[in-house]
Amino acid sequence: MENLEHWSDDALLIATQKYGEEARKWRNKFLGLLPEINRRKLYEQRGFPSIFYFAKVLGGVSEEQVRTVLRVEESLQDKPMMHALLVNGDVSINKMVKVHTVATSANEEALASQVQLLSNRAVETLAKDIRSMSNSSSFMHVQESATENNLKLEQDVERELMHLQDKGIDINEFLREALKKRELEIEQEKEAIATACTETTSRYIPQAVRDILTKEYGTKCSIETCKNPSEEIHHTQRFFLSRKHNPYYMAPLCQEHHQIAHTIDLKVQEKKRL
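Keep in mind it's a predicted model, so treat the numbers as computed, not measured.

1. Some details on the overall build of the protein
A tally of helices and strands in the protein yields 14 helices and two strands. Against the compact-globule benchmark of 19 Å for 274 residues, the protein has a radius of gyration of 26 Å, which places it well outside the compact range. Based on the C-alpha atoms only, the size of the protein along its principal axes is roughly 85 × 50 × 45 Å. Counting all 274 residues of the protein, 32% fall into the buried class.

2. So, empty space enclosed by the protein
Overall, the coordinates contain one cavity of 30 Å³ or more when judged by the stated rule. Considered as a void within the structure, the largest cavity measures approximately 30 Å³ in volume. If you trace the largest cavity, you find it lined by His 235, Gln 237, Ser 242, Lys 244, Asn 246, Tyr 249 and Met 250. Of the residues belonging to the lining of the largest cavity, the class tally is two nonpolar, four polar and one charged.

3. Observations regarding the packing of helix H1 (residues 9-40) against helix H3 (residues 51-59)
Any two packed helices are characterised by how steeply their axes cross, that is the angle between the axes, and by the distance between the axes. Closest axis-to-axis distance for the H1/H3 pair is 11 Å, and the angle between their directions is 155 degrees. Compared by their axis directions, H1 and H3 come out roughly antiparallel. The two elements H1 and H3 meet at a crossing, and its hand is right-handed. Along its contact with H1, which presents Arg 27, Phe 30, Leu 34, Ile 37 and Asn 38, the element H3 presents Ile 51, Phe 54, Ala 55, Leu 58 and Gly 59. Class assignment of the residues belonging to the contact of H1 with H3 gives a composition of seven nonpolar, two polar and one charged.

4. Overview of the packing of aromatic side chains
Following the criterion strictly, the structure yields two aromatic pairs and no others. Aromatic side chains Phe 48 and Phe 54 sit 5.4 Å apart centroid to centroid with 90 degrees between the ring planes, which places their arrangement in the edge-to-face category.

5. So, the side chain of Lys 190
The topology assignment puts Lys 190 in helix H11 (residues 171-196). The exposure class of Lys 190 is buried, given its relative accessible area of 7%. Within polar-contact distance, the side chain of Lys 190 engages the side chain of Glu 216 at 3.1 Å. Those residues in contact with Lys 190, other than ones at most four positions away along the chain, are Ile 212, Glu 216, Pro 247 and Tyr 248.

6. Focus on the pattern of salt bridges
Opposite charge on two side chains makes pairing possible when the charged atoms of those side chains draw close. As enumerated under the stated definition, the model contains nine salt bridges in all. Taking the shortest distance from any N to any O, the salt bridge between Glu 189 and Lys 215 comes out at 2.6 Å. Taken together, the residues span a long stretch of sequence, with Glu 189 in helix H11 and Lys 215 in helix H12 (residues 207-217) at a distance of 26 residues. One continuous salt-bridge network, built from bridges that share partners, spans Glu 36, Arg 39, Arg 40 and Glu 73.

7. Describing H12
Turning to H12, its buried residues are Val 209, Ile 212 and Leu 213. Projected onto a plane normal to the axis of H12, the buried residues spread over an arc of 100 degrees and lie on a single side. Buried residues along H12 sit against H11, strand E1 (232-235) and strand E2 (250-253). Looking one or two places after H12, you find Gly 218, whose phi comes out positive at around 75 degrees.

8. Section: unusual backbone geometry
Positive phi is not limited to glycine here, since Lys 41 has a value of about 55 degrees. Residue placement: Lys 41 occurs in the loop between H1 and helix H2 (42-45). Phi is positive for Arg 243, close to 60 degrees, though the residue is something other than glycine. Structurally, Arg 243 is set in the loop between helix H13 (239-242) and E2.

9. What to know about helix H5 (residues 80-87)
By the burial criterion, the buried members of H5 are Met 82, His 83, Leu 85 and Leu 86. The arc that holds the buried residues of H5, viewed along the axis, is 160 degrees, so those residues lie on one side. After H5 finishes, the residue Gly 89 shows a positive phi value of roughly 75 degrees.

10. What about a nonpolar patch on the surface?
Side chains of Tyr 53, Val 57 and Leu 58 sit close together on the surface and give an oily, nonpolar patch of about 290 Å² of accessible area. Tracing the sequence through the fold places Val 57 in helix H3. Accessibility expressed as a relative area gives 47% for Val 57, which makes it partly exposed.

11. Digging into the confidence of the model for the protein
Averaged over every residue, the pLDDT of the protein is 90; the share at 70 or more is 91%. Below pLDDT 50 for its whole length, residues 137-147 participates in two contacts with residues either more than four positions away or in separate chains.

Rules behind the numbers
- Residues numbered from 1 in each chain as written.
- Predicted model: local features only at pLDDT ≥ 70, side-chain atom pairs only at ≥ 80, totals over all residues.
- Heavy atoms only, no water.
- Helix = DSSP H or I, 4+ residues; strand = E, 2+ residues; numbered from the N terminus.
- Rg over C-alpha atoms; globule rule 2.2 N^0.38 Å.
- Buried < 20%, exposed > 50% of the residue type's maximum accessible area, 1.4 Å probe, protein only.
- 1 Å grid on protein atoms, 1.4 Å probe; cavity = no way out; pocket = protein on both sides within 12 Å on 5 of 7 lines; lining within 4 Å.
- Points joined across faces, edges and corners; volume = space filled by probe spheres on them.
- Nonpolar A, V, L, I, M, F, W, Y, C, P; charged D, E, K, R; others polar.
- Axes fitted to C-alpha atoms, helices over the stretch in contact; angles between N-to-C directions.
- Parallel < 35°, antiparallel > 145°, perpendicular 65-115°, else oblique.
- Left-handed = near helix turned anticlockwise from the far one by under 90°.
- Contact = heavy atoms within 4.5 Å.
- Phe/Tyr/Trp six-rings, centres within 6.5 Å; stacked < 30°, edge-to-face > 60°.
- Polar contact = N/O pair within 3.5 Å; in protein donor to acceptor, adjacent residues only side chain to side chain.
- Salt bridge = Lys/Arg side-chain N within 4 Å of Asp/Glu carboxyl O.
- Arc of directions from axis to C-beta.
- Patch = residues over 30% accessible without salt bridge, like charges linked within 9 Å, V, L, I, M, F, W, Y side chains within 5 Å.
- Areas by Shrake-Rupley, 256 points an atom, 1.4 Å probe, with all protein chains shown as cover.
- pLDDT = per-residue confidence, 0-100.

This is the structure:
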């Protein structure tokens, strides 16, 4: 190999990235083989006292990592698609450990497709969403959580509300009317923007659209159970089909939910082509 001192910075970085990707790829494949090696006790044929020592010597894998792989592989025995991703090394154990407990025979096809496309953080978010949806009491939990959190009112606002209440005004009804008025104003603004919306080839989202979405959803992800800041605006009606920035078909999302939304879009498009 050529002396590294003669390599350019770009060449060195490119080689490092390439070898890093290859290392991750083969590490995933090595880990995927361990459950079958363990079942056949093939490590004994090579003079190793345990699968843990075998994995440490041959692959530099810790005992904890081996136990994790064996546990996850066992839980996926009845989910052939997810199981194949693990044993073939197509998906890292870091991702699989996040979703194996939420994988079912009903969702594994979609899940197998998504985990290959999503980042680790997005996979973790997806698993949380699935757990939330599968929990029959999740809606009640959200409601209870909302009531436990105290509203942060400025002193002058609290003082004014107390003043109105002292006058005999129903504060709850007053606030309901204010909320209804806000919803009506947002609806009217969205309708006006949507009516004026025309087809375009530009992906630039007009400021008026951004403003009305912020007014409607605030600065958080629009997924109800997500508290992360919104970082992307997602077209729920695919832009390449509609060519419009219609606020009725747009929503602010955090990066993880934006990734998830696009994997769902890809799955829908695949089904339409079948």
